[in-house]
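# Commentary on secondary and tertiary structure
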Amino acid sequence: MRTPLSGFSDNCGREMPERIKRSILEPKRYFLSGNIACAEGALAAGCRFYAGYPITPSSEIMEHMAKRLPEVGGVFIQMEDEIGSISACIGASWAGAKAMTATSGPGFSLMLEGIGYALMTETPCVIVDVQRQGPATGQATRPGQGDIMQARWGAHGDYRIIALSPWSVQEMYDLTISAFNLSEKYRVPVILLSDEVVAHLKESILIPEEIKLFDRKKDKGLPPFGNDLVPPMPTFGEEANLLVTGSTHNEWGIRKVQDPDVSEKLVVRLCEKIEKNKKEIVRFETFFTDDCEICLISFGITARSAAYAVSLLRQEGIKAGLFRPITIWPFPEEDLKEITTSAKKILVCEMNRGQIIEEVKKILCNKEVFGLFKTRGEAIYPWEIIEKIK
Amino acid sequence: MRTPLSGFSDNCGREMPERIKRSILEPKRYFLSGNIACAEGALAAGCRFYAGYPITPSSEIMEHMAKRLPEVGGVFIQMEDEIGSISACIGASWAGAKAMTATSGPGFSLMLEGIGYALMTETPCVIVDVQRQGPATGQATRPGQGDIMQARWGAHGDYRIIALSPWSVQEMYDLTISAFNLSEKYRVPVILLSDEVVAHLKESILIPEEIKLFDRKKDKGLPPFGNDLVPPMPTFGEEANLLVTGSTHNEWGIRKVQDPDVSEKLVVRLCEKIEKNKKEIVRFETFFTDDCEICLISFGITARSAAYAVSLLRQEGIKAGLFRPITIWPFPEEDLKEITTSAKKILVCEMNRGQIIEEVKKILCNKEVFGLFKTRGEAIYPWEIIEKIK
Amino acid sequence: MDYVRDKEVIKMEGFKVLIRKEWCKGCFLCLQICPKKVFTRGEGKVPEVKDQDKCSGCLLCELLCPDLAITVEGRCPRE
Amino acid sequence: MDYVRDKEVIKMEGFKVLIRKEWCKGCFLCLQICPKKVFTRGEGKVPEVKDQDKCSGCLLCELLCPDLAITVEGRCPRE
Amino acid sequence: MSRLDKYLRTEVFPSPFCAGCGHGILMGAILRAIDELSASGRLDFSKMVFVSGIGCGAWIPSPHFKGDTLHTLHGRPIAYATGVKLARPELKVVVISGDGDLAAIGGNHLIHAARRNLPITTICANNNIYGMTGGQVSPTSPENSLTETTPLGNKEKPFDLCQLVKACGGEYAARWTVFHIKPLIRSIARALTIEGFSFLDVVSPCVTQFGRRNDLPTIYDFFLAIKEKTLSYEKAKGMKEEEKRGKIIIGEYD
Amino acid sequence: MSRLDKYLRTEVFPSPFCAGCGHGILMGAILRAIDELSASGRLDFSKMVFVSGIGCGAWIPSPHFKGDTLHTLHGRPIAYATGVKLARPELKVVVISGDGDLAAIGGNHLIHAARRNLPITTICANNNIYGMTGGQVSPTSPENSLTETTPLGNKEKPFDLCQLVKACGGEYAARWTVFHIKPLIRSIARALTIEGFSFLDVVSPCVTQFGRRNDLPTIYDFFLAIKEKTLSYEKAKGMKEEEKRGKIIIGEYD
Amino acid sequence: MIEIKIIGKGGQGIVLVGEVLAHASVLEGSYASAIAGYGSQARGGEVSCDVIIAQREILAPFVMKPDYLLCLSFDTYQKNRSLITEKTKVFLNTENQEEEEGHFLIPASGIAQKVCQNPQVANMVMLGAFTALTKIVSLDSIMVALSERMKGKILEGNIRALKEGYQRMARDGCPEARRKI
Amino acid sequence: MIEIKIIGKGGQGIVLVGEVLAHASVLEGSYASAIAGYGSQARGGEVSCDVIIAQREILAPFVMKPDYLLCLSFDTYQKNRSLITEKTKVFLNTENQEEEEGHFLIPASGIAQKVCQNPQVANMVMLGAFTALTKIVSLDSIMVALSERMKGKILEGNIRALKEGYQRMARDGCPEARRKI
Ligand SMILES: Cc1ncc(C[n+]2csc(CCOP(=O)(O)OP(=O)(O)O)c2C)c(N)n1
Ligand SMILES: Cc1ncc(C[n+]2csc(CCOP(=O)(O)OP(=O)(O)O)c2C)c(N)n1
Ligand code: SF4
Ligand code: SF4
Ligand code: SF4
Ligand code: SF4
Ligand code: SF4
Ligand code: SF4
Ligand SMILES: [Mg+2]
Ligand SMILES: [Mg+2]
């Protein structure tokens, strides 16, 4: 979908194509901000329901949806808060719509109980978190990457989730479409972990002629909460007599809150449907990693600084490379291990005080892993990375 | 404070004593449930404000506070929800009260934004999470240990937190007191990560003659949000002209949301006040680890099954040991490393699908680390651990 | 069925009051509120229909049974 | 100060209308609402006091200035 | 066997409610209202979605109703219902949940749905207490009532939820007790045919958690007590706050 | 220099508000009411705590007031204030925040505080829009008004927050615009001396986000427009819904 | 360390027996724990209570191999036979069950019904009998523990049943018991 | 790859210049990025816009060593001198500043004020001049990009200023410029 950057080898082809659809926007090059591209990506993916609550730096997504959804026959509502927003999205999803909401840290924190419900009820929906500098209200207009671990662990109880990290306006478009596809395919809420820089950055973006879409299976008659790893999901109002509940339930949705076997089976399946499909889901990109001695690991806007830093370092003869996870969750564990075999040093760059580095340390525990962290409410710049390495 | 179990070497002496106070309850042995012990521990620690919202399996804490607080001149309020509860606690804390709330997974998820605010504003308060089986509503009356990582990473942005894991009714009392002490000392919300079993278990408990208490420094005139790692915290209504905000702020509490230096300084300090005091904060217990070949790592009720399993395995000549973190966060990283030098295998037992094991893998990456996970809404029993080992 | 427009009900003889015992939890509200004293406490934990003939078909027991355990047959539907 | 009980105000001559220019953002509400046309647009971005003598001490400008930038001196306090 | 079986998952009965729980009466009343409307072709059960929160009251539709049910999170059913309704306006969306669920944690969604005049029906199974969690005070618990968290009696004033809904702009609001069974059914049927936001506050005894603590150990005790406590809306209109105190105002609000 | 300087952190001025923002007028009105009560010894500024949420309105006290201020999370100031007040009943607790903060995300805390008749004063800096985040619709945005999220005009009805507060049992509720400056100050002073929950809905122009989109580019345009739109509570009482539509009802509610 | 498991059906007061027993031993200076367990069906499902009494702190509060198994209902007894080891002494609430080698057959329900006119207190009869036969704790401690949980008429009724069970066994021995302790 | 940085004060339309420039080059088939930066003080603080124009996808959208530095205010210029490298061509909005070696001194504010009667459009004069002098993008593309952002009177005023700046430079060269491109 995206024009691969030259010099990059990427595995973006792993998408599961199902339905080919013409773009809504006229296919050509545009100059858009990340937030607008995200909203257009959602529309292109078939999103026809948006419920949200304003928050900087995500509001433009909502505002664009408010304008565009009525034009394409969709529904837009500004809810009373973020809890209401995620709730309405889940309701709309069971009513058959592809639904999205966008927010930033404070709102994301409020949505966690609802996201947990979406995980438990296996409800497809897309949540965009345009990260700003926290904690709490923090620096509302300035970028951060501090919600990475929250996306993985923020809701109570056990689950596995999918989270994608776009690094460009193009990917705000492309990965929003991927988010919907993955969400529909695995019946799981998918989080687009963006940041203020990518959201407000304006860039050239190519709207392609066609995009690949995946729509949930709606088969009636089969148990909607078992036995397949990803069961089919019928829609309300179509005589499927659906029982949807966030309590522990059997394959037909009947509450079984005292039965250890039912609980184990359900929780294990919720985890396994992601784990066992990890190879299908995981995406990443590498940049000069073949022979690299120092491997940078970074994502989102920070990875662009890292990529630029690598290209400059290479000019100076320093064997640097970059590994960029596109799916932050599940983290491309095996791939990272494989790709970094040559590297002696690992530098993790992130706009926080060390989050993905925790993951990396676990995976590459025999290497020297160090971090470049920044919580100044500013992007990490290429020259800062170069300085750190030298 | 607690009678150490024979055979155990523990480092509980690390508490920072400040004020010696007579217990409220007549000092003697009682037979209480964990939840009641927790409430009594809070009262003993000087808690005089409770705001909460009912939720199984934590409700008895609240109910006991409703009865007892008016008796000791404190204030109890049942709020409209968990968001209101944590909010009221933070407000009360700035009004000078030691404040507590208790909840379980769903409520804990809702409190995360507020906990983030408490972290950012460095507001002492204690949050009890009596864990039940999730995700979502899950099995409301049955135990789980699925909120471990949530306690660490659940709020957006970067921070460090303190979370304690009691394994007995006695510790529900003792560690509640510790939670208040740590909270007052480091100006940080402290989480008591209990579980349904420990909460509802009834046991003998010794209320000691005296307990050690720590009260926040209230000095006026010094910046309440800098320059010390833990600045003093004056109280409302005492002419300190306090400026409390969850936005990025300077040492006097003035909002500075565009200043990278202020942001960096604040976020770093919030992390460092825990990291640099880690040695003071961290607590753990070991059981036959000196020569162990297989080291169990477990916490909360699960650690009791593990301890019993170890004692039985030892009888059979198997060199098993147990490492029990009492502070789950910060995790006793260095201590674990040191203590497990002799161990070849590490078995992490937890009532979830693998959370603390992530931490352990990072720390002990050269050992064979495997897990015994259970999400059946039942405790992990000693015989299950023995079976796993054999 | 018209449960509420009493006036339209055509009075009939011979109502049949049925208790679904597996659903009944023995709250005895039916017994206490039946204006015609049709129910009796019986032996077990659930009430029994004693004087079925006295039943006026007022439907009160059926409508108020908390366990949907009572059906009064013979009550004339509106149409 | 009693800002609201107009009747108790003792009418005085010689009110002094002061604009704190560093606080004023130049919204010109004062200029637009002053019943006595005391203000003028002036050269810069903030209004200027032109006809101070005309001022009736009604306080409207002070009370309505969105930037707390105006003080009308000479207004008689209640006590 | 029962007339309502066609609307029920009979296999999950008997219900999990305590013996003599008012929620069961309400369950019957809702289905009878639906049955009546269906009989006259004004409603199609298969095009209905029942949304509930967490609590005993929230169990009324889920899993008992043999239709589409969405058993959501505590306090959130109206927000979920908003999504369902907006995404599929042709469906009839009914929220059924408890007083704690709708008025305590869920109060914000209630007032906003009323303000929007969202075309859904909301039925509050109001037992004036938190039944499921063991009898804590709710925002509709009467003054001075004894609950697990008001050991000395409730010192807060309860909401008049109908008044609240009307003040927000909700189209229809009415209150009945489950013992006023016929007007209740009639009122539910009316609510289900309203175009805007319709709300029913149904006083439903909780024998176990409320009754036990307040000298009303059986449903029949409630039956006797409630009769005396009710006051018609029309009558209440002319009365002073003091006179209305502690009374249950029944009828349709305007 | 200014009479209010003793209540201000003058070093943080000029305020961050846009030129002509109504919130500044309200800031002055609040301090003048306090000044008046202090002068007669009925209030002690040093025993006051000002609690606010997130939004432009929430910036009124923080950091401008030289007293204790608690700048909380979006929507939560009343809940924080509940804790402050209960823990230290001798303090006078005042919540000052925006319409989005208090009535959208914070609506539940508002109605519950009103129900409890919590003895705090809440002042809603109501600019009928989300100012800080760039002009999205709020639950008090007038019907048909243009906002960033209602590009075709707002189709929802706004709350009458005073009516809402009264319906919940709040002791005192009044509405003024910032241009009704003298009754506004008087009303704030009254609210501050009330024993129960007192609420002020203060219509405060947002020139940047509301005005720009709705043909009211300057504060003076609001001044002219609002005069025509207001209607006294007494007069409004006898009027039909239709007649009151779009009007701003001012006065003290009973 | 003594491991005791009490099993029966919902509504039989299983947990009360366990908690009172554990509490009584705490009153006598021991360490003790009691933990309730609920089976799959909420309504009429199986209920159990694990009690451990020891002279030092208790590690796992879960009963692995019960020294004593108190069964308030025959159904649950049958479902839980696997719990019985050689060392387990079983106390069965029954009158006319077939004899089981080495079990104490206590006619608790019968006594509750006939002597106390209250089938609800069979659990107390059982506890009384157990106390008399095992002497793990004294009847006095049991009564103190009980009186912290209830009062008035209900307490009286429970104590009566407790004593009835206790005295029968203390006086007559356990006629149905096939083995002496 | 061309790196351009535009700096000035809040209210000067810095970001607009950058975005229009980037957008115009996208219209001409290039890759381009524009990213705004806001300094510490909200009010009247420094504003910047980093523009990168390239013939392939852009890695980091941050300007490291600007090829062109457009300064709308002298203050900010002075604070940001460290940005200037040997390769940097500086365009300074000024009339009577002291001469700086190798800088293009564009009297943008003067032209905006005097010719256009609108000091607000100095940014457009500057952009016009920059376009004329560098020919990185065509004036037409700039106008198309501009017209997607505004309309009516405002657009007209902006275009007028743009052309004014462009034509002056195209016609007269840059009299104040000390160096030719
Ligand atoms: C977020 C959250 N908080 C608390 C709970 C616990 N909880 C479950 S039901 C309930 C209250 C039920 O009261 P109500 O809604 O009145 O229903 P009832 O049981 O009385 O019918 C509570 C507090 C929960 N499940 N989720
Ligand atoms: C949980 C959360 N959601 C959203 C926001 C973003 N936000 C900040 S202020 C605001 C609205 C402000 O509107 P209002 O309260 O009316 O104040 P105003 O700016 O209009 O005075 C919003 C939505 C936030 N900070 N936190
Ligand atoms: S009312 Fe229903 S549940 Fe109650 S006793 Fe009668 S039949 Fe049984
Ligand atoms: S229908 Fe009426 S009269 Fe007949 S049994 Fe029922 S309550 Fe009694
Ligand atoms: S009203 Fe105030 S801010 Fe506005 S122009 Fe006048 S002095 Fe300046
Ligand atoms: S006090 Fe009144 S008359 Fe005097 S300048 Fe102000 S507005 Fe004009
Ligand atoms: S607890 Fe109360 S509301 Fe819940 S089922 Fe029992 S009686 Fe009904
Ligand atoms: S955006 Fe509106 S409310 Fe905010 S400061 Fe500007 S004018 Fe005031
Ligand atoms: Mg209830
Ligand atoms: Mg507003």
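### Remarks on the overall build of chain A
Counting its regular elements, chain A contains 13 helices and 19 strands. When the backbone C-alpha atoms are referred to their principal axes, chain A occupies close to 65 × 50 × 40 Å. When burial is assessed residue by residue, chain A has 75% of its 390 residues classed as buried. Considering only contacts in chain A between residues 6 or more positions apart, those separated by 24 or more positions represent 77%. Put simply, chain A shows about 10100 Å² of open surface, and 48% of that area lies on carbon and sulfur atoms. In chain A, 47 side chains carry a positive charge and 52 a negative one; their mean positions are 2 Å apart.

### Considerations on the environment of Thr341(A)
As for its placement among the helices and strands, Thr341(A) is situated in the loop between helix H11 (333-339) and strand E18 (345-350). Among the residues examined, Thr341(A) registers a relative accessible area of 62% and is labelled exposed.

### Quick word on the relation of the copies chain A and chain B
Each copy of the sequence occupies a distinct position, and chain A is placed on chain B by a rotation of 180° and an axial shift of 0.0 Å, giving an RMSD of 0.0 Å. Overall, the copies show the geometry of a two-fold rotation axis. Comparing interface residues between copies, 98% of those in chain A also lie at the interface in chain B; the contact surface is shared.

### Let's talk about unusual backbone geometry
Residue Gly226(A) is joined to Asn227(A) through a cis peptide bond whose omega torsion reads -25°. Along the chain, Asn227(A) falls in the loop between strand E12 (210-213) and strand E13 (243-245). Between Ser62(F) and Pro63(F) the backbone carries a cis peptide bond, its omega angle lying at 10°. Mapped onto the elements of the fold, Pro63(F) is located in the loop between strand E1 (48-52) and strand E2 (68-71).

### So, the coordination of the magnesium ion (ligand 10)
In an ideal octahedron of six donors the angles at the metal are 90 or 180 degrees, and in an ideal tetrahedron of four donors they are 109.5 degrees. Residues and elements named next belong to chain F. Protein coordination at the magnesium ion (ligand 10) comes from Asp99 (OD), Asn127 (OD1) and Ile129 (O), with a distance range of 2.0 to 2.1 Å. As a motif over one chain, the donors of the magnesium ion (ligand 10) read D-x27-N-x1-I. Pair noted here: aspartate 99 is in helix H3 (residues 99-105) and asparagine 127 is in the loop between strand E4 (121-126) and helix H5 (161-168), with a separation of 28 residues, a long-range link. Accessibility assignment for this pair places aspartate 99 and asparagine 127 in one class, buried.

### Some points on the site of ligand 7
All names here are of chain E. Taken together, Phe17, Cys18, Cys21, His23, Cys56, Asn127, Gly131, Cys206, Val207, Thr208 and Gln209 are the residues near ligand 7. The leading source of residues in the shell around ligand 7 is helix H7 (residues 207-211), at 3 residues. Of the residues that constitute the shell around ligand 7, the class distribution is 6 nonpolar, 5 polar and no charged.

### Side note on the coordination of the magnesium ion (ligand 9)
Residues and elements named next belong to chain E. Around the magnesium ion (ligand 9), the donor atoms from the protein are Asp99 (OD), Asn127 (OD1) and Ile129 (O), and they sit 2.0 to 2.1 Å away. Considered as a linear motif, the donors of the magnesium ion (ligand 9) on their single chain read D-x27-N-x1-I. Of this pair, aspartate 99 sits in helix H3 (residues 99-105) while isoleucine 129 sits in the loop between strand E4 (121-126) and helix H5 (161-168), and the two are 30 residues apart along the sequence. Isoleucine 129 matches aspartate 99 in its accessibility class, with the two residues each being buried.

### Some remarks on the confidence of the model for chain A
Predicted coordinates in areas of low pLDDT are best not read in detail. Of all residues in chain A, 95% have pLDDT values of 70 or greater, and the mean over the chain is 94. Confidence drops under pLDDT 50 across residues 1-17 of chain A; counting only partners more than four residues distant or on other chains, this segment forms 50 contacts.

### Points about the sheet that holds strand E4 (residues 68-71) of chain G
The strands making up a sheet associate through backbone hydrogen bonding, with each pair oriented either parallel or antiparallel. Strand order in the open sheet made by the 8 strands is E3(B)-E11(B)-E2(G)-E3(G)-E1(G)-E4(G)-E5(G)-E6(G), with mixed pairing throughout. Each of the sheet's edge strands pairs with one partner strand only, and the pair in question is strand E3 (29-33) of chain B together with strand E6 (103-106) of chain G. Along the sheet, successive strands turn relative to each other by an average axial angle of 20°, direction set aside. Bridge analysis of strand E5 (residues 89-93) of chain G against E6(G) gives 4 bridges, and the strand direction is parallel. Directly across from Phe91(G), in E6(G), lies its bridge partner Phe104(G). Against the sheet, helix H1 (residues 14-27) of chain G engages E3 and strand E11 (202-206) of chain B together with strand E1 (2-9), strand E2 (31-38), strand E3 (46-54) and E4 of chain G, with an angle of about 10° to E3(G).

### Structural notes on the packing of helix H10 (residues 300-315) of chain B against helix H13 (residues 382-389) of chain B
Residues and elements named next belong to chain B. Packing of H10 against H13 leaves a shortest axis separation of 8 Å and a crossing angle of 55°. Considered as vectors, H10 and H13 are oriented oblique to each other. Read as a crossing pair, H10 and H13 show a hand that is right-handed. When H10 is examined against H13, the residues Thr302, Ser305, Ala306, Tyr308, Ala309, Leu312 and Leu313 are found in contact with a partner set consisting of Pro382, Ile385, Ile386 and Ile389. When grouped by side-chain class, the residues that make up the contact of H10 with H13 number 9 nonpolar, 2 polar and no charged.

### A look at H1(G)
All names here are of chain G. The first and last C-alpha atoms of H1 sit 20 Å apart over 14 residues, in line with the 20 Å expected at 1.5 Å per residue. Burial of H1 is extensive: 12 of the 14 residues sit out of reach of the surface. All of the buried residues along H1 are Ile14, Val15, Val17, Gly18, Glu19, Val20, Leu21, Ala22, His23, Ala24, Ser25 and Val26.

### Here we look at the pattern of salt bridges
If you walk through the whole model with that rule in mind, you get 100 salt bridges over all chains. One salt bridge connects Lys237(F) with Asp254(F), and the closest N-O pair in it is separated by 3.0 Å. Taken together, the residues span a long stretch of sequence, with Lys237(F) in helix H9 (residues 233-237) and Asp254(F) in the segment after strand E8 (248-252) at a distance of 17 residues. With relative accessibility at 45%, the residue Lys237(F) sits in the partly exposed group. Counted as one network, the salt bridges with shared partners bring together Asp261(A), Lys374(B), Arg376(B), Glu378(B) and Glu384(B).

### Some words on the packing of aromatic side chains
Within this structure, the stated rule accounts for 44 aromatic pairs over all chains. Ring centres 4.2 Å apart and planes at 15° place the aromatic pair Trp23(D) and Phe13(F) in the stacked group. Taken as a pair, Trp23(D) in the loop between strand E1 (16-19) and helix H1 (29-33) and Phe13(F) in the segment before helix H1 (22-39) lie in two separate chains rather than in one. Within the aromatic cluster, the residues linked to one another by ring pairs are Tyr7(E), Phe45(E), Phe50(E) and Phe65(E). Cation over ring: Arg152(A) sits above Tyr159(A), and NZ or CZ is 6.0 Å from the ring centre.

### Remarks on the interface of chain A and chain B
Across the contact, 60 residues belong to chain A and 59 residues belong to chain B. Across the chain A/chain B interface, buried area totals approximately 5100 Å², and carbon plus sulfur atoms make up 52% of it. For the interface between chain A and chain B, the tally reads 6 salt bridges. Among the salt bridges present, the one from Arg353(B) reaches Glu264(A), with a minimum N-O distance of 3.3 Å. At the surface where chain A touches chain B, the tally comes to 46 residue pairs in polar contact (both at pLDDT 80 or more). Listed by contribution, the elements that provide at least two residues to the side of chain A that touches chain B are helix H4 (105-121), strand E8 (139-143), helix H5 (148-153), helix H8 (260-275) and helix H12 (356-363) of chain A. A per-element tally of the side of chain A that touches chain B places H4(A) first, with 9 residues. Of the residues belonging to the side of chain A that touches chain B, the class tally is 19 nonpolar, 25 polar and 16 charged.

Cut-offs and rules
- Residues numbered from 1 in each chain as written.
- Chains lettered and ligands numbered in written order.
- Predicted model: local features only at pLDDT ≥ 70, side-chain atom pairs only at ≥ 80, totals over all residues.
- Heavy atoms only, no water.
- Helix = DSSP H or I, 4+ residues; strand = E, 2+ residues; numbered from the N terminus.
- Buried < 20%, exposed > 50% of the residue type's maximum accessible area, 1.4 Å probe, protein only.
- Contact = heavy atoms within 4.5 Å.
- Areas by Shrake-Rupley, 256 points an atom, 1.4 Å probe, with all protein chains shown as cover.
- Lys, Arg positive; Asp, Glu negative; His and termini not counted.
- Charge placed at Lys NZ, Arg CZ, Asp CG, Glu CD.
- Least-squares fit on C-alpha atoms with pLDDT ≥ 70 in both.
- Donors = N, O, S within 2.8 Å, 3.2 Å for Na, K, Ca; no water.
- Near = heavy atom within 4 Å.
- Nonpolar A, V, L, I, M, F, W, Y, C, P; charged D, E, K, R; others polar.
- pLDDT = per-residue confidence, 0-100.
- Pairing = 2+ DSSP bridges.
- Axes fitted to C-alpha atoms, helices over the stretch in contact; angles between N-to-C directions.
- Parallel < 35°, antiparallel > 145°, perpendicular 65-115°, else oblique.
- Left-handed = near helix turned anticlockwise from the far one by under 90°.
- Expected span 1.5 Å × (residues − 1).
- Salt bridge = Lys/Arg side-chain N within 4 Å of Asp/Glu carboxyl O.
- Phe/Tyr/Trp six-rings, centres within 6.5 Å; stacked < 30°, edge-to-face > 60°.
- Lys NZ or Arg CZ within 6 Å of the ring centre and 35° of its normal.
- Buried area = accessible area lost by both parts, 1.4 Å probe.
- Polar contact = N/O pair within 3.5 Å; in protein donor to acceptor, adjacent residues only side chain to side chain.

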